[in-house]
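Next come the chains, spelled out residue by residue.
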Amino acid sequence: NHSGLIPGCNPFAQTGRSKLQNKRAHINQQIIKQMRMRAGAENLLKATSNNKVREQVVLELSYVNSDLQLLMEQLEGLNSSVDVYQNVQEMSSIPLIPLGLKETKDVDFSVALKDLILEHYSEDGSNFQAEIDDLMDLRQACRTPSRNPSGVDLLASYFSQLSFLEPRFFSPTRQIAIFFTWYDSFTGVPVCQQNISLEKASMLFNMAALYSQIGTRADRQTQAGLEDAIAAFQKSAGVLHYLKETFTHTPSYDMSPAMLSMLIRLMLAQAQECMFEQITLPGIRNEFFSLLKIAQEAAKVGETYSEVHQSMIQTPIKNNVPFFWTTMSELKTNHYNSLAHYFVSTALLDHQLAPSDDEDKQEKALSQLYDTMPEGRSPLDILKNKEERRRIGKAHLQRSIMGHEEAIRIHSRCRHLQKLDILSEILQAGLKRSLTKFEQNDKEDEFTDYMLAPDIISKTEKKAEMEIPAATKVKVKDLFQRLGPLSVFSAKQRWSAPRTIRLRLQDRDLGFTLKGDAPVQIQSLDPLCPAAVSGLKEGDYLVAVGDTECKWLGVSDVMKLLKGADEEGVNIRVVSMLDSSSQPMPTKSATYGGLPKTYSMICLAHDEDDKNPKSRKVAKKPSFLSWGLKNKQKSGSTLSLPNADYNGPWNRPCPTYPSSCNESALY
C-alpha cells in the first residue's frame, strides 16, 4: 500500500490529534464487541426458561451495560478534547470546538469490481487491477488526511471519484457485494450499507470536520490567522449544508438533518466569534462610538451562541451531544453578553457629552442600542445628565458582573472545561475588570439602586455566512475511463455481449453510415450488405476496429480506421443496447433515491479481521448482526439487536436504534 505517497495524506503522524483518532477507532471496536455480547445475552434470555441460567444472564447483562456506559463516556471525552486541536504557539484565545473525523473499516473493492467488469462490461476484470489498487489506496489515504488544505483536497478528490464510481458500478436495480461501514462520530455505533451514498455522505462529513480542525488550529493572535479561521469555519458550515441538502436520509445519527443543522450553527457561531476577535485585535479605542459598536458586535456573538445552545438542548440531539459542547456554548453566550454590557457601561461612565461632540450622532447611536430605553428616558436625557449616565452605566456593570459569574459557574460544572486553564483565566480577567470598574464608580454613601439594565441589540458589520467550497466540485480523472464514456457505459444500461463482424469494403462502400459522438453508432444500415448478413444491427455501438479500441473515438477517427482497411477487410467489435425495462425489480434496501427509505442494512460485520483484507472476500459473508432489518437475512446465524424501547446503557431514550423502519424513528 503506497497511500503514504499520496499528497494530503499523513498516515504516520504521531500528533495528539492522530492518537485521539486511533483511540476513537479502538473505542468503536470495543462498543461493537459489547453490543454483540448484549445481543447474544438478550437472545438467550428470550430462549431460556431455566431460572438459574436467567439469573446468570441478567447479571452478565448488567456488566455489559455498565461497560457500554463507560465506553460512551470515553467517546464523549474524546469529543471534548479540544485542547489538542488549538494552535500550539498561541495560548491566549478562547478555545474553539473541532469536529472529530468519522472512522471507517477497510473496503475491498477488488473481487466485486472485477466480477462486475466481466459480467456487465464483458471485459477481463484483472486488466483493471491497477485502477482498483489506486482506488483502494486513495480511500485508505483518506483515513489519515493532513490537517491543511491539501488534506481537504485529498478527501475532495476521493469524493469526486465516487461520483464516477456510482453511475459506473452501482445500479438502483442491482446490489453489488461491497459493504461500507462507518461509525457514528457521537455514539460510536456502526452503520453498514451496500449503498455508496453512505460513503459519499461520510466523506463530506469528514471534509467539514477537517475544515473545523483547520479553523481551530489557526493562530488567532494575527489578522492572517483569523482570516484563515473564519474561512475554514464558513467552509465547514457550507460543506455540512451541502451534505444536509444532498443526502436527506442518511442512516447515521450524526448526519441526521437535526444534528447537521446544529453543527452548521456551531460552525457559524465560531466564525462570528473570530470576526469579533478580528475587530478587537488591534485594540479597542476608548471612544464613545467605537465602544458602542464593539458592544453590539459582542452581543451578536452572544446571540449566535445562544441559538447554538438552544439547538443543542432539544431532544433527541441533547442525548448525543457532548455535555462539554453544550456547556461551552452556554458559557460563551454569558461571556460575550457580559462583554457587551461592560463596553456600554464604559461608554456611559468614562465619557461625558462635551460641547464639541456631535450631539445628534450620539443620540442616534444610543437610541439604536436598545429596544426600549432604560426606564423610558429619552436618549438625550441620559447623555446630558451625568447622574443618569452613572446609574445606567452601573446597571450595565452589574449585568456584566452577573454574566461573568454565571460563566465561571458553568465552567466549574464540566470536568472537561475545567482542564482548559486559559479559559478560566479569560473568564476571571473579565470578571475582575468589571468589578474594578464598579468599585471605581461606587460612592459609599450612595443609595443602592437595583435598576435592571435592558438587553443590548446585537449588530454586526460582517455576518458569518456559509461558504460552499470549490473543493466539493474538484475535477479528477475517472479511474475507470477505459470502460468508455459514462453517458453510455454505465451500470444502468444493459448490452449484448460484444460481437465480432468481418467488414469487407465493396466499391469503397461500407453499407452503413456512422453517427454520434464517442462511441459512434451504426445508422442507415443496408439490410442486404455483407455486414448486416453477418449480424450487424441498426443502432449498434462500435467499440473496436481491428486491435484499436474505439469507445472514445468520434466519427471522423473511426472512418479513418475503416477506410484504412485493405482488400482482406477488417474485424469490428460492436455491442447492442438492450431494453432496460425488462430488468428485475430492486430489492427494498436502498436508503436514497426514489426507492423506499428503510433503515435496513445497518449491520455489523462479524469478522473484525481487518488486518488481512486479502484473505477476505466480502461477498461470501451472509452472517451479520443487523437491526432495523426489513427483509430478514436467511442465514441462521443472524442475531437481532434490541429495539428503541430498551433503554440499556444510555438510561435515556436512544434514537440510534429505530424501532420501526420509518425516518421519524430516527430523527
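An unreviewed UniProt entry lists the protein under the name Rhophilin, Rho GTPase binding protein 2, with Cyprinus carpio as the source organism. As its UniProt record puts it under Sequence similarities (unreviewed entry), the protein is described as follows: "Belongs to the RHPN family."

Caption draft 1: Structural detail: the overall build of the protein. If you tally the helices and strands in the protein, you get 17 helices and twelve strands. Sorting the 667 residues of the protein into buried and exposed places 54% on the buried side. Summarising the internal contacts of the protein: among those between residues at least 6 apart in sequence, 76% fall at separations of at least 24. On the protein, roughly 29,900 Å² of surface is accessible, and the fraction owed to carbon and sulfur atoms is 52%.

Caption draft 2: Summary view of the pattern of salt bridges. One pass over the structure, following the stated rule, counts 24 salt bridges. We note a salt bridge from Glu 131 to Arg 482, for which the minimum N-O separation is 2.9 Å. Taken together, the residues span a long stretch of sequence, with Glu 131 in helix 4 (residues 129-141) and Arg 482 in the loop between helix 15 (421-440) and strand 3 (494-495) at a distance of 351 residues. Classification of Glu 131 as buried rests on a relative accessible area of 12%. Owing to a relative accessible area of 42%, Arg 482 belongs among the partly exposed residues under this scheme. Between Lys 384 and Glu 359 there is a salt bridge, with its nearest N and O atoms 3.7 Å apart.

Caption draft 3: Up close: the packing of helix 10 (residues 323-349) against helix 13 (residues 386-413). Relative to each other, helix 10 and helix 13 sit at 160°, their axes nearing to 8 Å. As far as their axial angle goes, helix 13 and helix 10 are roughly antiparallel. Crossing geometry of helix 10 relative to helix 13 is assigned as left-handed.

Caption draft 4: Highlighting the packing of aromatic side chains. Tallying each qualifying case throughout the model produces eleven aromatic pairs. Judged by centre distance (5.7 Å) and plane angle (70°), the ring pair of Tyr 342 and Phe 343 falls under edge-to-face. Phe 343 shares its class with Tyr 342; the two are buried. Linked through ring pairs, Tyr 121, Phe 128, Phe 169, Phe 480, Phe 489 and Trp 495 together constitute an aromatic cluster.

Caption draft 5: How the structure looks around unusual backbone geometry. For the bond running from Thr 315 to Pro 316, omega is 0°, close enough to zero to count as cis. Turning to its location among the elements, Pro 316 is positioned in the loop between helix 9 (288-312) and helix 10. With an omega of -10°, the peptide bond between Ala 518 and Pro 519 qualifies as cis. Here Pro 519 lies in the loop between strand 5 (513-515) and strand 6 (521-523).

Caption draft 6: Layout of helix 13. Under the 1.5 Å per step criterion, the end-to-end length of helix 13 is 41 Å for 28 residues, consistent within 8% with the ideal 40 Å. The distance from a side-chain oxygen at the start of helix 13 to the backbone nitrogen of Glu 387 is 2.9 Å, and the residue carrying that oxygen is Asn 385.

Caption draft 7: Layout of the nonpolar core. Counting residues in hydrophobic clusters, the biggest one holds 138 residues, and the most contacted among them are Phe 109, Phe 169, Leu 263, Trp 325 and Phe 480. Apart from the residues within four sequence positions on either side, Leu 263 is in contact with Leu 99, Phe 186, Phe 205, Leu 240, Asp 254 and Trp 325. Residues Leu 525, Leu 542, Val 558 and Leu 562 belong to the second largest nonpolar core, which totals 22 residues.

Caption draft 8: Spotlight on helix 15. Along its 20 residues, helix 15 runs 29 Å from first to last C-alpha, staying within 8% of the 28 Å computed at 1.5 Å per residue. Those residues of helix 15 that sit buried are Ile 422, Leu 423, Leu 427, Gly 430, Leu 431, Ser 434, Lys 437 and Phe 438.

Caption draft 9: Summary view of the confidence of the model for the protein. Within the protein, residue pLDDT values average 79, and 80% of them lie at 70 or more. Contacts for the low-pLDDT stretch residues 584-667, under 50 throughout, to residues beyond four places or in other chains number 187 contacts.

Caption draft 10: Fine view of the environment of Arg 494. Here Arg 494 is to be found in strand 3. Taking C-alpha positions, Arg 494 is 7.1 Å from Asp 579, a pair spaced 85 residues apart along the chain.

Caption draft 11: Main features of the side chain of Thr 327. Mapped onto the elements, Thr 327 comes out in helix 10. Among the polar contacts listed, one links the side chain of Thr 327 to the backbone oxygen of Phe 323, at a separation of 2.9 Å. Those residues in contact with Thr 327 that lie beyond four places of it in its chain are Ile 410, Arg 413, Cys 414 and Leu 417.

Caption draft 12: Highlighting the environment of Glu 359. Topologically, Glu 359 is positioned in helix 11 (residues 359-367). By relative accessible area, which is 31% here, Glu 359 ends up partly exposed. Spatially, the C-alpha atoms of Glu 359 and Leu 383 are 8.7 Å apart, while their sequence positions differ by 24 residues. With near-sequence residues (within four places) excluded, Glu 359 lies in contact with Leu 353, Leu 380 and Lys 384.

Caption draft 13: How the structure looks around the packing of helix 13 against helix 15. One can describe the packing of helix 13 onto helix 15 by two numbers: an axis separation of 9 Å at closest approach and a directional angle of 155°. Judged by the angle between their axes, helix 13 and helix 15 are roughly antiparallel. In this structure, the crossing between helix 13 and helix 15 has a hand that is left-handed. For the pair formed by helix 13 and helix 15, the contact residues are Lys 394, Leu 397, Gln 398, Ser 400, Ile 401, His 404, Glu 405, Ala 407, Ile 408 and His 411 on the first element and Leu 423, Ser 424, Leu 427, Gln 428, Gly 430, Leu 431, Ser 434, Leu 435, Lys 437 and Phe 438 on the second.

Reading guide: rules and limits
Residues numbered from 1 in each chain as written. Predicted model: local features only at pLDDT ≥ 70, side-chain atom pairs only at ≥ 80, totals over all residues. Heavy atoms only, no water. UniProt positions renumbered as here; feature names shortened; annotations may be inferred. Helix = DSSP H or I, 4+ residues; strand = E, 2+ residues; numbered from the N terminus. Buried < 20%, exposed > 50% of the residue type's maximum accessible area, 1.4 Å probe, protein only. Contact = heavy atoms within 4.5 Å. Areas by Shrake-Rupley, 256 points an atom, 1.4 Å probe, with all protein chains shown as cover. Salt bridge = Lys/Arg side-chain N within 4 Å of Asp/Glu carboxyl O. Axes fitted to C-alpha atoms, helices over the stretch in contact; angles between N-to-C directions. Parallel < 35°, antiparallel > 145°, perpendicular 65-115°, else oblique. Left-handed = near helix turned anticlockwise from the far one by under 90°. Phe/Tyr/Trp six-rings, centres within 6.5 Å; stacked < 30°, edge-to-face > 60°. Expected span 1.5 Å × (residues − 1). Polar contact = N/O pair within 3.5 Å; in protein donor to acceptor, adjacent residues only side chain to side chain. Core = buried A, V, L, I, M, F, W, Y, C linked by side-chain atoms within 4.5 Å. pLDDT = per-residue confidence, 0-100.

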